[in-house]
Amino acid sequence: MRAALMYGKGDIRIEDVPIPEPRQGELLIRVTAAGICGTDLSEYTYGPKLFSIENRHRQTGHLGPLIPGHEFGGRIVAVGPDVEGFTVGDLVASGAGVSCGACFQCRDGMTNLCVDYWTVGLNRHGGLAEFVTVPASCCLEVASLGLTETTVSLPQPMSIAVHAMRRGRPEPGADVVVVGAGGIGAFLIYALAAAGHRVTAIDIDEGKLNIPSALGATTTTDPDEVAPVRVVYEASGSGPGLRTAMAATLSGGRTVVIGLQTTDPTVDLHALSIGERELVGTNAHRFAESFEPAARLVGNRQTGWADFMADLIPLDDLTSRVLPEMADRSSNRIKHVFDPAVGI
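If you're wondering where the values come from, they're calculated on a predicted model, not measured in any experiment.

A word on the overall build of the chain. Assigned secondary structure in the chain consists of 10 helices and 16 strands. Computed over its C-alpha atoms, the radius of gyration of the chain comes to 20 Å, within 12% of the 20 Å expected for a compact globule of 344 residues. Pairs at least 24 apart in sequence give 69% of the contacts found in the chain among residues at least 6 apart. Between the centroid of the 27 positive side chains of the chain and the centroid of its 39 negative side chains there is a distance of 4 Å.

Spatially, β12-β11-β10-β13-β14-β15 is the arrangement adopted by the 6 strands of the open sheet, whose pairing is parallel. Each having just a single partner strand, β12 (219–221) and β15 (278–281) make up the two edges of the open sheet. Put simply, the sheet's adjacent strands are angled 20° from each other on average, direction ignored. Here strand β11 (residues 198–202) pairs with β12 via 3 bridges, running parallel. For I202, the partnering residue across the bridge sits in β12 and is T221. Lying on the sheet, helix α6 (residues 239–247) is in contact with β10 (175–179), β11, β13 (229–234), β14 (249–257) and β15; it crosses β14 at an angle near 150°.

In this section: the packing of aromatic side chains. Going through the model one piece at a time under the given rule, you end up with 5 aromatic pairs. Taken together, the ring pairs in this structure connect F187, Y190, W305 and F308 into an aromatic cluster. Above the ring of Y7, the side-chain terminus of R13 is found at 3.7 Å from the ring centroid. Just above the ring of W305 sits the side chain of R301; from NZ or CZ to the centre is 4.8 Å.

Reading the values: rules and limits
Residues numbered from 1 in each chain as written. Predicted model: local features only at pLDDT ≥ 70, side-chain atom pairs only at ≥ 80, totals over all residues. Heavy atoms only, no water. Helix = DSSP H or I, 4+ residues; strand = E, 2+ residues; numbered from the N terminus. Rg over C-alpha atoms; globule rule 2.2 N^0.38 Å. Contact = heavy atoms within 4.5 Å. Lys, Arg positive; Asp, Glu negative; His and termini not counted. Charge placed at Lys NZ, Arg CZ, Asp CG, Glu CD. Pairing = 2+ DSSP bridges. Axes fitted to C-alpha atoms, helices over the stretch in contact; angles between N-to-C directions. Phe/Tyr/Trp six-rings, centres within 6.5 Å; stacked < 30°, edge-to-face > 60°. Lys NZ or Arg CZ within 6 Å of the ring centre and 35° of its normal.

Right, dumping it as structure tokens:
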């Protein structure tokens, strides 16, 4: 099968590798759609840091060149031992994150904070390949929820948005602000609007403010025009974005930090304390409570997702075009989604 393998910083190669076999509790999936995100770009540009390429992963045992891709789905072609509830031919989406189910975090429902948490596509071969094996415990049949072979990579990032939305605890019908309208920010806008909230989307790139309205945002504006509200979500991952988000948060409100900061931003702890504001972190998703609602959100969009991701991309375009465009922000796509079978 053809797959994208990352060997190190700035070094991804499209190669032929053996088709994996599902082990106990696993599914073998023919990948029909696999997305990449800022994490993949960061690993390619600055890493490997999260990818288990230079250091053997404690849970998976992986060491060496890695097939990225933690946003993916496709058709089941084989079912491993001790798997129930799935059959060959099912269309499934994968959550990619794997938790032990037994530690104190898992017992409290915080599976994303599992002490033995690992991720397909970060710590073991992922979905930027024709086939991938993945634990059945983090997969969901999605054809019955209205998804297609083209949209099966979207529930994973949508579930991150759903989890982040809940971390903000907005009141029903609340006015909320999302800083950063690309990537997870766009999914978050859609999830918030679908939940009945009035969403103001902020981005310094005016070209990105066309999509939020189509996703349900009530208002789109620049950072200088935003009116403060109780719940603000920071999804840009930038220092200025965080400062904008905190300035837009009313006393007694919450700033939810989704975007991963690459520097140590300055936080006005005096204002945080005096205003009794909350600075809230959020990480990944909790499969049992977030993934099916996220898949339903994807399946329920009547207009489809062509404006969001356009046509599926061949793997050969990953390093020649897509990663450079993501790095210099010249792409007009919110999501870059690949069909590994294209070009064969």
